[in-house]
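# Fold and geometry: a report
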Amino acid sequence: MLEAQPADAAIQSFTVTFLIRRFDPDVDTEPRWQDFDVEMYATDRVLDALHKIKWEQDGSLTFRRSCAHGICGSDAMRINGRNRLACKTLIKDLDISKPIYVEAIKGLPLEKDLIVDMEPFFASFREVQPFLIPGSKPEPGKERVQSVAERARFDDTTKCILCAACTSSCPVFWTDGQYFGPAAIVNAHRFIFDSRDDAASVRLDILNDKEGVWRCRTTFNCTDACPRGIEVTKAIAEVKQAVMRGKA
Ligand code: SF4
Ligand code: F3S
Ligand code: FES
């Protein structure tokens, strides 16, 4: 039987220091670090801290978020030097004896505070034609049938939420913004290995380009960064194999 908690039992809170890399293009020539002390509970997330700062201390703090539950992919940022979603990073999983560093993801143009211009990222995504291109129409009134094994072939890469945590953690992308990047390859993989699709060769030709899969140096930062647990580097390796030997 559960013991009743005393009515006045308070849940412990902590003062946590956040060091946030700020940049206001109207005022700053370079980004600068600013510290904020925030009262937090262990079960709070970094996104809750950003909200508290914005609502209670500095309304000019700028960041993106939408769902707050790890689905929309809009709040990828560097937290203590690692790409993560702010809405999925719990305070209890961080070392709060030291300041928590929060900054924008790298490799994309910084617009303001924690916001970067995502357009180059989405341009690469669009370039790989991330949509079903079937070669024929199904019989009238029939579905495009797919076996469980055929569906399983690309299941992992269907989980992508386009957060850019992978691409913006890739050292090749940092030095060459023209590289398609892991997220575009993951989304190409999702259709290349779909048995209902007939445009694999088109996408494989695109990814055989000098800024395509061969730029990947198997660094694995992308796999470590993915908040959806996608085996990004493995997907890239499978696309490399398909470029060389055709889709298996
Ligand atoms: Fe984000 Fe993972 Fe998709 Fe990369 S592969 S964009 S890290 S969800
Ligand atoms: Fe970059 Fe991932 Fe390849 S981090 S080098 S895309 S394995
Ligand atoms: Fe949507 Fe974090 S706010 S994924």
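Because the structure is a prediction, the values reported are computed rather than measured. (Residues numbered from 1 in each chain as written. Chains lettered and ligands numbered in written order. Predicted model: local features only at pLDDT ≥ 70, side-chain atom pairs only at ≥ 80, totals over all residues.)

### With respect to the overall build of the chain
- When helices and strands are counted, the chain shows eight helices and seven strands.
- The C-alpha extent of the chain, read off along each of the three principal axes, is 65 × 60 × 30 Å.
- Sorting the 248 residues of the chain into buried and exposed places 37% on the buried side.
- The contacts in the chain between residues at least 6 apart in sequence include a share of 66% that link residues at least 24 apart. (Helix = DSSP H or I, 4+ residues; strand = E, 2+ residues; numbered from the N terminus. Buried ≥ 20, exposed ≤ 12 C-beta atoms within 10 Å, placed from the backbone. Contact = placed C-beta atoms within 7 Å.)

### With respect to the nonpolar core
- Counting 57 residues, the largest nonpolar core has Ala164, Ala183, Ile185 and Val239 as its most contacted members.
- Among the elements that take part in this core, helix 5 (residues 182–192) stands out by supplying seven residues, more than any other.
- The contacts of Ala164, once residues within four sequence positions are left out, are Ala76, Ile105, Met118, Phe121 and Ala183. (Core = buried A, V, L, I, M, F, W, Y, C linked by C-beta atoms within 7 Å.)

### So, the site of ligand 1
- By nearness alone, 15 residues border ligand 1, and Cys160, Cys163, Cys166, Ala183 and Cys226 come closest of all.
- Sorting elements by how many residues they give to the shell around ligand 1 places helix 5 first, with three residues.
- A class-by-class count of the residues in the shell around ligand 1 yields 14 nonpolar, no polar and one charged. (Near = placed C-beta within 6 Å. Nonpolar A, V, L, I, M, F, W, Y, C, P; charged D, E, K, R; others polar.)

### Details of helix 1 (residues 46–57)
- Between the first and last C-alpha of helix 1 there are 16 Å, a value that for twelve residues agrees with the 16 Å anticipated at 1.5 Å per step.
- Close packing links the buried residues of helix 1 with strand 1 (13–22), strand 2 (32–41), strand 3 (76–79) and strand 5 (100–103). (Expected span 1.5 Å × (residues − 1).)

### A few points about the packing of helix 5 against helix 6 (residues 200–207)
- At a closest axis distance of 9 Å, the pairing of helix 5 and helix 6 adopts a crossing angle of 155°. In terms of orientation, helix 5 and helix 6 fall into the roughly antiparallel class. Where helix 5 crosses over helix 6, the handedness of that crossing is left-handed. On helix 6, the residues touching Ile185, Ala188, Phe191 and Ile192 of helix 5 are Ala200, Arg203, Leu204 and Leu207.
- Partitioning the contact of helix 5 with helix 6 into residue classes produces seven nonpolar, no polar and one charged. (Axes fitted to C-alpha atoms, helices over the stretch in contact; angles between N-to-C directions. Parallel < 35°, antiparallel > 145°, perpendicular 65-115°, else oblique. Left-handed = near helix turned anticlockwise from the far one by under 90°.)

### Observations regarding the pairing of strand 1
- Sheet analysis places strand 1 next to strand 2, joined by ten bridges and oriented antiparallel. Bridge pairing links Ile20 to Gln34 in strand 2.
- As paired elements, strand 1 and strand 5 share three bridges and run parallel to each other. Looking at strand 5, one finds that Ile20 is bridged to Val102. (Pairing = 2+ DSSP bridges.)

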